[in-house]
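Fold and contact review
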Amino acid sequence: MMQSLVSLTAKQVMQDAPVIPVIVLHDVAQAVPLARALVAGGIRMLEITLRTSAALDCMRVIRAEVPEAIVGAGTVCNARDVDACLEAGARFAVSPGYTTQLGLACRERGLPLLPGVASASEIMQALNDGYHDLKFFPAMQAGGVAMLKALYGPFAQIQFCPTGGITAQNAGEFLALPNVVCVGGSWLVPVDALAQVDYTRIEALARQATQLL
Ligand code: 3PG
């Protein structure tokens, strides 16, 4: 678990904990206390989505002030996003889908990428480009557990991080699959907990998530 992360790989990102929190932050002032709460609960791989104007600054302050956290960027869609998140200190990237251009941009810059796929053809493209550790997105909408079981036949070598519609209640079903290493989800960082500045609740949710098998 607590292996050296000097040269991080996508597999290490997936193997660190059962859940990668998908984080949407609008206020940079919340970044450091949120990251500390998640780390205190045992979750250190943090996916900050590039969906808000605060996202890059949030990565910068977490990188500077919470060295125990491994900050990554989510919703990375193109080479420009890759450059921006690297400049902000991101150590890994997660994308909702996959393009060869994105795969090449990450490889050229040495940024580990967890690319999103939702079909056999997308998996074939990612595999062709050397990506074996993939996000399955949107997991529930794209077929959930049954789809992952079906994909295991032709693609037994692929390790997935299902994301999208995963909850504390259904995460265990996914984690029990042989081709699932971890899941992604926003439930560790609820919108109302952020609004109420309730980091204690977030720490507790993170701690519960580490107990998932
Ligand atoms: C997302 O991109 O927002 C993630 O898939 C998180 O989905 P969730 O909110 O259903 O966990």
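Structure's up top.
An account of the accompanying structure is given in this report. (Residues numbered from 1 in each chain as written. Predicted model: local features only at pLDDT ≥ 70, side-chain atom pairs only at ≥ 80, totals over all residues. Heavy atoms only, no water.)

A look at the sheet that holds strand 7 (residues 133-136)
Rule in force here: One requirement defines pairing of two strands: DSSP has to find at least two bridges between them. Here a strand is any run of E in DSSP of at least two residues, a helix any run of H or I of at least four, and the numbering for each starts at the N terminus.
One open sheet holds the three strands; their spatial order is 6-7-8, and the pairing between them is parallel. Each having just a single partner strand, strand 6 (116-117) and strand 8 (159-162) make up the two edges of the open sheet. Where strand 7 meets strand 8, four bridges bridge the pair, whose relative direction is parallel. Bridge assignment links Lys135 to a residue of strand 8, and that residue is Cys161.

Details of the site of the ligand
Note the cut-off: A single heavy atom is enough: if one lies within 4 Å of a molecule or strand, its residue is considered near that molecule or strand. A 3.5 Å cut-off defines polar contacts: any pair of N or O atoms within that distance qualifies, except that in protein one atom must be a possible hydrogen donor and the other a possible acceptor, and neighbouring residues in sequence count only when both atoms are side-chain atoms. Only the protein chains shown count as cover for residues, and the accessible areas themselves come from Shrake-Rupley with a 1.4 Å probe. All amino acids are sorted into three groups, where Ala, Val, Leu, Ile, Met, Phe, Trp, Tyr, Cys and Pro are nonpolar, Asp, Glu, Lys and Arg are charged, and the leftover types, Gly among them, are polar.
Close to the ligand lie Val22, Arg51, Phe137, Thr163, Gly164, Gly165, Gly185 and Ser186. Measuring from an oxygen atom of the ligand, one finds a side-chain N or O atom of Arg51 at 2.5 Å. Contacts to the ligand include Ser186, whose side-chain N or O atom sits 2.5 Å from an oxygen atom. For the ligand, whose free accessible area comes to 310 Å², the fraction covered by protein is 76%. Considering only residue class, the shell around the ligand consists of two nonpolar, five polar and one charged.

Some thoughts on the packing of helix 2 (residues 31-40) against helix 3 (residues 55-65)
What counts is decided by this rule: Axes, fitted as lines to C-alpha atoms, cover a helix only where it is in contact. Angles between the N-to-C directions of the axes lie from 0 to 180 degrees. Any angle that is under 35 degrees is reported as roughly parallel, and any over 145 degrees as roughly antiparallel; angles of 65 to 115 degrees are reported as roughly perpendicular and all others as oblique. Note on convention: the crossing is left-handed when the near helix lies turned anticlockwise from the far helix by less than a right angle, right-handed when the turn is clockwise. Note on definitions: a residue-residue contact is assigned when non-hydrogen atoms from the two residues lie within 4.5 Å.
Contact pair helix 2 / helix 3: the axes reach a minimum separation of 9 Å and the direction vectors enclose 55°. By the criterion of interaxial angle, the relationship of helix 2 to helix 3 is oblique. In the crossing of helix 2 with helix 3, the sense of the turn from one axis to the other is right-handed. Mapping the contact onto sequence places Ala31, Val32, Ala35 and Arg36 in helix 2 and Cys58, Val61, Ile62 and Glu65 in helix 3.

As for unusual backbone geometry
Looking along the chain, the bond that leaves Phe137 and enters Pro138 is cis, with omega of -10°. If you trace the backbone, Pro138 turns up in the loop between strand 7 and helix 7 (144-152). Unusually for a residue other than glycine, Val197 sits at a positive phi of about 55°. Position of Val197 among the secondary structure elements: in the loop between helix 9 (191-195) and helix 10 (199-210).

Some remarks on the side chain of Gln30
Note that Gln30 resides in the loop between strand 1 (19-23) and helix 2. Separated by 3.0 Å, the side chain of Gln30 and the backbone oxygen of Leu194 make a polar contact. Contact partners of Gln30, with chain neighbours within four places excluded, come to Leu25, Leu194, Val197 and Tyr199.

A word on the environment of Ala139
Positionally, Ala139 belongs in the loop between strand 7 and helix 7. C-alpha separation for the pair Ala139 and Thr163, spaced 24 residues apart in sequence, amounts to 5.2 Å.

Observations regarding the pairing of strand 7
Rule in force here: Partly exposed residues are those whose accessible area sits between 20% and 50% of the maximum for their type, while under 20% is buried and over 50% is exposed, using a 1.4 Å probe and protein chains only. When the strands point away from the viewer and the connection leading from the first strand across the helix to the second strand turns clockwise, the crossover is called right-handed.
Both faces of strand 7 are covered, namely the face carrying Asp133 and Lys135 and the face carrying Leu134 and Phe136. Of the strand pairs in this sheet, strand 6 and strand 7 are connected by two bridges, and their pairing is parallel. From the neighbouring strand, Val117 faces strand 7, where its bridge partner is Phe136. As a crossover connection, the stretch from strand 6 through helix 6 (residues 120-128) into strand 7 is right-handed.

Overview of the pattern of salt bridges
Rules: Take a side-chain nitrogen of Lys or Arg and a carboxyl oxygen of Asp or Glu: if they are within 4 Å of each other, that pair is a salt bridge.
According to the stated counting rule, one finds eight salt bridges in the structure shown. We note a salt bridge from Arg60 to Glu87, for which the minimum N-O separation is 2.6 Å. Highlighted residues: Arg60 in helix 3 and Glu87 in helix 4 (residues 79-87), separated in sequence by 27 residues. For Glu87, a relative accessible area of 54% translates into the label exposed. Residues Arg207 and Glu203 are paired through a salt bridge, measuring 2.8 Å at the closest nitrogen-oxygen approach.

Considering helix 6
Note the threshold: Regarding the arc, it is the one traced by the directions from the helix axis to the C-beta atoms.
Every buried residue belonging to helix 6 is among Ile123, Ala126 and Leu127, and all of these are buried. Angular distribution of buried residues about the axis of helix 6 spans 100°; they occupy a single face of the element. Along helix 6, exposed side chains directed more than 90 degrees from the buried face belong to Ser121, Met124 and Asn128. Elements that come into contact with the buried residues of helix 6 comprise strand 6, strand 7, helix 7 and strand 8. Residue Gly130 follows helix 6 closely and has a positive phi angle near 95°.

Everything listed is a geometric property; what it means functionally is a separate question.
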